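Chain by chain, the residues:
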Amino acid sequence: SIGCEWHLTVFEKVLIPCVVLLAAVPGDFVGGYLADKYGRKPILLIGQILIAVFGVLSAFMPDYISFVIVRCLVGFGFGITVVIVIVQVVEICPTTYRASAVALMFISWSVGVCYTVIGAYFLLNSSYGWRAVVLWAAFPCVVLLFVLPFMDNSPKYLVISEVDNTAARDLLHKIAQTNGVDFELDEVGDLLVEMEQERGTLRDLGNEEFRTRTICFVICLFFANTLYISNVYDTAYLFDSGYCSAGGTTSSSSCTFTLKDLLLDLVVSIGEFLAVPIVAVSSELQGRLASIRTLAILLSIVIFACIWCFGEILLLCELFVTRALTDASFLLFFIYVPESYPTYMRSVAFGVTNLFANIGGVVGILLVYLVGLAISWKLMFTILFVFSLVIVITSWILKHETVGVRLQDNRENHDHFVNIPANAEVERDINMQ
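Residues numbered from 1 in each chain as written. Predicted model: local features only at pLDDT ≥ 70, side-chain atom pairs only at ≥ 80, totals over all residues. Heavy atoms only, no water.

### Some points on the overall build of the chain
To keep it simple, the criterion reads: Only runs of H or I of at least four residues qualify as helices and only runs of E of at least two qualify as strands under DSSP, and these elements are numbered from the N terminus. Relative accessibility under 20% of the residue-type maximum defines a buried residue, over 50% an exposed one, and the middle range a partly exposed one, all with a 1.4 Å probe and only protein chains included. We get accessible surface area from the Shrake-Rupley algorithm with a probe of 1.4 Å; when it comes to residues, only the shown protein chains can shield them.
Of the regular secondary structure elements, the chain holds 19 helices and 0 strands. Considering the chain as a whole, with its 433 residues, one finds that 55% of them fall into the buried category. Per element, the accessible surface of the chain, about 18400 Å² overall, is 70% carbon and sulfur.

### Some details on the nonpolar core
Under the convention used in this document: Here, the term nonpolar core denotes a set of buried Ala, Val, Leu, Ile, Met, Phe, Trp, Tyr and Cys residues that are joined through side-chain atoms within 4.5 Å. Note on contacts: a residue pair is in contact if any heavy atoms of the two residues lie within 4.5 Å.
Formed by 87 residues in total, the largest nonpolar core has its most connected members in Leu 238, Tyr 341, Met 345, Met 380, Phe 381 and Leu 384. Not counting the four nearest positions on each side in its chain, Met 380 is found in contact with Asp 234, Leu 367, Val 368, Val 371 and Gly 372. Judged by nonpolar contacts, the second largest core, of 14 residues, contains Ile 2, Leu 8, Phe 67 and Val 70.

### Details of helix α6 (residues 107–124)
One turn of the α-helix equals 3.6 residues, which is why residues spaced by three or four share an orientation. Using the following cut-off: Given the number of residues in a helix, its expected span is that number minus one, multiplied by 1.5 Å.
Taking 1.5 Å of rise per residue, 18 residues should cover 26 Å, and α6 covers 25 Å from first to last C-alpha, within 8% of that figure. Inspection of α6 places Ser 110, Cys 114, Val 117, Gly 119, Ala 120, Tyr 121 and Leu 123 among the buried residues, and these make up the whole buried set. On its buried face, α6 sits against α7 (130–145), α12 (259–269), α13 (271–285) and α15 (312–339).

### Some words on the environment of Ser 100
Turning to its location among the elements, Ser 100 is positioned in helix α5 (residues 98–105). Along the chain, Ser 100 and Ala 280 lie 180 residues apart, while their C-alpha atoms are 4.7 Å from each other.

### Digging into the pattern of salt bridges
Quick note on the threshold: When a carboxyl oxygen of Asp or Glu lies within 4 Å of a side-chain nitrogen of Lys or Arg, that pair is called a salt bridge.
With the rule as written, the count across this model stands at 8 salt bridges. Of the charged contacts, one joins Arg 346 and Glu 91 as a salt bridge, the two residues approaching to 2.6 Å between their closest N and O atoms. With a gap of 255 residues between them, Arg 346 in helix α16 (residues 343–373) and Glu 91 in helix α4 (residues 64–92) connect regions that are remote in the sequence. Of the two residues examined, Arg 346 and Glu 91, each falls in the buried class. When the shortest N-O distance is used, the salt bridge between Arg 288 and Glu 284 registers 3.2 Å. A residue is classified by how much of its surface remains accessible, and Arg 288, at 0% relative accessible area, is buried.

### Comments concerning unusual backbone geometry
Among all residues except glycine, the phi angle is most often negative; among peptide bonds, the trans geometry is most common. The phi torsion at His 7 lies on the positive side, around 55°, for a residue other than glycine. With respect to the helices and strands, the residue His 7 is situated in the loop between α1 (2–5) and α2 (10–38). Relative accessible area serves as the criterion here: at 69%, His 7 is assigned to the exposed category.

### Focus: the packing of aromatic side chains
Put simply, the rule is: Here the aromatic set is Phe, Tyr and Trp, taking the six-membered ring for Trp, and pairing holds for ring centres within 6.5 Å; pairs whose planes are under 30 degrees apart are stacked, those over 60 apart are edge-to-face, and all others are tilted. The criterion for a charge sitting over a ring is simple: Lys NZ or Arg CZ within 6 Å of the ring centre, and within 35 degrees of the ring normal.
Overall, the coordinates contain 19 aromatic pairs when judged by the stated rule. Arranged with centres 6.2 Å apart and planes meeting at 40°, the rings of Phe 78 and Trp 109 form a pair that is tilted. Placement of the pair is Phe 78 in helix α4 and Trp 109 in helix α6, with a sequence separation of 31 residues. Using a relative accessible area of 34% as the deciding quantity, one classes Trp 109 as partly exposed. An aromatic cluster is present here, built from Phe 106, Tyr 228, Phe 330, Phe 334 and Phe 350 joined pairwise through their rings. Just above the ring of Trp 396 sits the side chain of Arg 293; from NZ or CZ to the centre is 4.2 Å.

### Quick word on a nonpolar patch on the surface
Here is the rule we go by: Patch construction takes residues with relative accessible area above 30% that form no salt bridge. Like charges are linked within 9 Å, and nonpolar side chains (Val, Leu, Ile, Met, Phe, Trp, Tyr) are linked within 5 Å.
Together, Leu 104, Ile 107, Val 111, Ile 270 and Phe 273 make up an exposed nonpolar region whose accessible area comes to about 400 Å². Tracing the sequence through the fold places Ile 270 in the loop between α12 and α13. Exposure remark for Ile 270: the relative accessible area of 43% places this residue in the partly exposed category.

### A look at the side chain of Ser 269
Under the convention used in this document: Nitrogen and oxygen atoms within 3.5 Å of one another constitute a polar contact, given that in protein one can donate a hydrogen and the other can accept it, and given that sequence-neighbouring residues count only through two side-chain atoms.
Tracing the sequence through the fold places Ser 269 in helix α12. For Ser 269, a relative accessible area of 3% translates into the label buried. Engagement of the side chain of Ser 269 in a polar contact is seen with the backbone oxygen of Asp 265, the distance being 2.6 Å. Residues in contact with Ser 269, not counting those within four places in the same chain, are Val 113, Cys 114 and Arg 323.

### Let's talk about the environment of Met 151
Tracing the sequence through the fold places Met 151 in the loop between α7 and α8 (155–161). Accessibility expressed as a relative area gives 22% for Met 151, which makes it partly exposed. Met 151 sits 110 residues away from Lys 41 along the chain, and the two C-alpha atoms are 7.5 Å apart. If we skip the residues at most four places from it in the chain, Met 151 touches Lys 41, Leu 44 and Gln 88.

### Examining the confidence of the model for the chain
Here is the rule we go by: Each residue gets a pLDDT score, which is the predictor's confidence in that residue and runs from 0 to 100.
The predicted model of the chain has a mean per-residue pLDDT of 83, with 86% of residues at 70 or higher. The secondary structure element of the chain with the lowest average pLDDT is helix α18 (residues 416–419), at 36, and the one with the highest is helix α17 (residues 377–395), at 96. Note that pLDDT drops below 50 for residues 193–197; the model gives that stretch 11 contacts with residues more than four away or on any other chain. Predicted confidence for residues 413–433 stays below pLDDT 50, and this span has 57 contacts to residues more than four positions away or in other chains.

### Considering the packing of α4 against α5
What counts, and what does not: Simply put, an axis is a line fit to the C-alpha atoms, just over the touching stretch for a helix, and the angle between two N-to-C directions goes from 0 to 180 degrees. Handedness of each helix crossing follows the sense of rotation of the near helix against the far helix: counterclockwise by less than a right angle gives left-handed, clockwise gives right-handed. Three categories are distinguished: nonpolar for Ala, Val, Leu, Ile, Met, Phe, Trp, Tyr, Cys and Pro, charged for Asp, Glu, Lys and Arg, and polar for the others, with Gly belonging to the last.
For the pair α4 and α5, the least separation of the axes is 9 Å and the interaxial angle reads 145°. The crossing of α4 and α5 is right-handed. Residues Val 85, Ile 86, Val 89 and Val 90 of α4 form the contact with α5, whose participating residues are Arg 98, Ala 101, Val 102 and Met 105. Classifying every residue of the contact of α4 with α5 gives 7 nonpolar, no polar and 1 charged.

Below is the structure:
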């Protein structure tokens, strides 16, 4: 591993994933702000270029300092892309399929986790080492650079941002032709009205309408990612340390990635695939908010069970369920948060709330290393249990529901998509964007 090759201390090893998440914090805000100002697609391309280019360069860094600097740039690009991808999908999909589309999109995240784990096992145990693993992880990002130019911008963004409406008009006609719909803009009324060039700001998030929900989203995303990242990092360590094992502490070389490590990581990671049907079904039947509350309660119960472990098999099952529930909770927030803000400020609002999720991820890593490994796993799970209760309490402060609600576009609600009655024909013709 990289720690063995460069003889890194525990602090230096912990710093590597932390700097990626910390660098994503300004990426979230900058990406969200610029996406609301210049459009989703061009800023997404910039973020993806940063990930691909500096992801590849990471494999060729000669020392620890240069490696950390390059990984910071990868993290900055990651922060930009995550925000815009979610917003883009939410804005493109019809109301009926929004939740399912975001959930299905996140299958790629789950596949990527398994792809990386499998690659790490075979490459770390070969003569190629960690540099090959970094290239393996960066390869899909490079491929994506050749795909993104063919992606269209968000129709909803173009509708409220283009003064001459040319780009919006062309894209809506293209969508209509693709779907075989006879769609004339003039028949719907003045759909593409010239609007004031509004852009979301931090001040907007403090408005009475959005203040409470923004604070609640910040708290929930912070603690949700703490739970998720801690689950990602603690799996192998829990079993190597002998937690829940009658045989006591065992040792495992940190310079190897064993078959046991591979199987443990894969089994727990597969739990992420379970999150997709959970979100797709529950978010539509129960609604976004009710689903979030239900998952938060279930998650707190499972984490509490981890404190009082009853054997390694049961612990593995608990970690599997924890991964599924934390990932499902994230998916629900990634649907619910963008739906809770109008188009003119959607990206900046999601960027600001999501940057706290990355900070929570850093806390999750520190809990594993500084509490779990250094002090007590029971103490770590107790802290995580308290965090899960905070999510439960905070979710009950939220009151608005977004299932079946069309997206608002601007402050004055000049959104003709919202104002038109939701009958089947109009849904098909207008919301096909």
